[in-house]
Amino acid sequence: DAGITQSPRHKVTETGTPVTLRCHQTENHRYMYWYRQDPGHGLRLIHYSYGVKDTDKGEVSDGYSVSRSKTEDFLLTLESATSSQTSVYFCATMASGSSYNEQFFGPGTRLTVL
Amino acid sequence: AQSVSQHNHHVILSEAASLELGCNYSYGGTVNLFWYVQYPGQHLQLLLKYFSGDPLVKGIKGFEAEFIKSKFSFNLRKPSVQWSDTAEYFCAVKSKGTGGGNKLTFGTGTQLKVEL
């Protein structure tokens, strides 16, 4: 495993509140990703980062923002949480240097928006 | 945009039965393909990957997959499943992201239950 931790692991919040999820890695991987997992949809990419302060949108980025001020941390923010954002969120990382590299996944954060 | 289809959403097998999970992708160019597994309550782990060369790829825990370009398929197989193979299985295809990183497009997953 690539030494990926996510915090919090579980969170319950109310509609309209901001929420920030944290992904921390100890492997010095260049690339970091945020996915959400929903039944019947598999995993869908929200945002990803290809370096410090370099980010790009994925396929389901509306309502989410990200920041990466350090190599090891990638934050996902729900600006104003909605019930449709109830999901399990996974962070992933990938080393640079080869297109043969795989993505390594964190343990996930289960978010419930009431 | 690429898409990945996994036609079997739920599969129930008895121990020692053979397994084949279907995966089809939409992209017609050079593809890199992956199978990930998610055991109950755990994160995703890589089972195997195909980048080039031999279309029959062997992975961990006795799993293998065959890349058939003409059928746009990358089916996962195991000759004899065990109860411990109960998990959700995801097929994924790689595309190039900004800055050189890989982006993965996942299928919707197949939930496998192996009964004793």
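The next thing to look at is the sheet that holds strand β1 (residues 4-7) of chain A. Residues and elements named next belong to chain A. Pairing is antiparallel across the open sheet formed by 4 strands, whose spatial order is β1-β3-β8-β7. In this open sheet, the two strands that pair with only one neighbour each are β1 and β7 (64-70). Within the sheet, the average angular offset between the axes of one strand and its neighbour, ignoring direction, is 20 degrees. In the sheet, β1 pairs with strand β3 (residues 19-25) via 4 bridges, with the strands oriented antiparallel. Bridge pairing in β3 links S7 to R22.

Residue and element names in this part refer to chain A. Here β3 shows a buried face lined by V19, L21, C23 and Q25 and an unburied face lined by T20, R22 and H24. Pairing geometry for β3 and strand β8 (residues 73-78), over 6 bridges, is antiparallel. Bridge pairing links H24 to D73 in β8.

Per the counting criterion, the structure on display carries 17 aromatic pairs over all chains. Ring centres 5.6 Å apart and planes at 40 degrees place the aromatic pair Y35 of chain A and F105 of chain A in the tilted group. Residue Y35 of chain A is located in strand β4 (residues 31-38), and its partner F105 of chain A is located in strand β10 (residues 104-105); the two are separated by 70 residues in the primary sequence. Aromatic side chains F63 of chain B and Y89 of chain B sit 5.6 Å apart centroid to centroid with 45 degrees between the ring planes, which places their arrangement in the tilted category. Residue F63 of chain B is found in the loop between β7 (56-58) and β8 (64-68), and its partner Y89 of chain B is found in strand β10 (residues 87-96); the two are separated by 26 residues along the sequence.

The rules behind each value
- Residues numbered from 1 in each chain as written.
- Chains lettered and ligands numbered in written order.
- Predicted model: local features only at pLDDT ≥ 70, side-chain atom pairs only at ≥ 80, totals over all residues.
- Heavy atoms only, no water.
- Pairing = 2+ DSSP bridges.
- Helix = DSSP H or I, 4+ residues; strand = E, 2+ residues; numbered from the N terminus.
- Axes fitted to C-alpha atoms, helices over the stretch in contact; angles between N-to-C directions.
- Buried < 20%, exposed > 50% of the residue type's maximum accessible area, 1.4 Å probe, protein only.
- Phe/Tyr/Trp six-rings, centres within 6.5 Å; stacked < 30°, edge-to-face > 60°.

These values are about where atoms sit, not about what they do.
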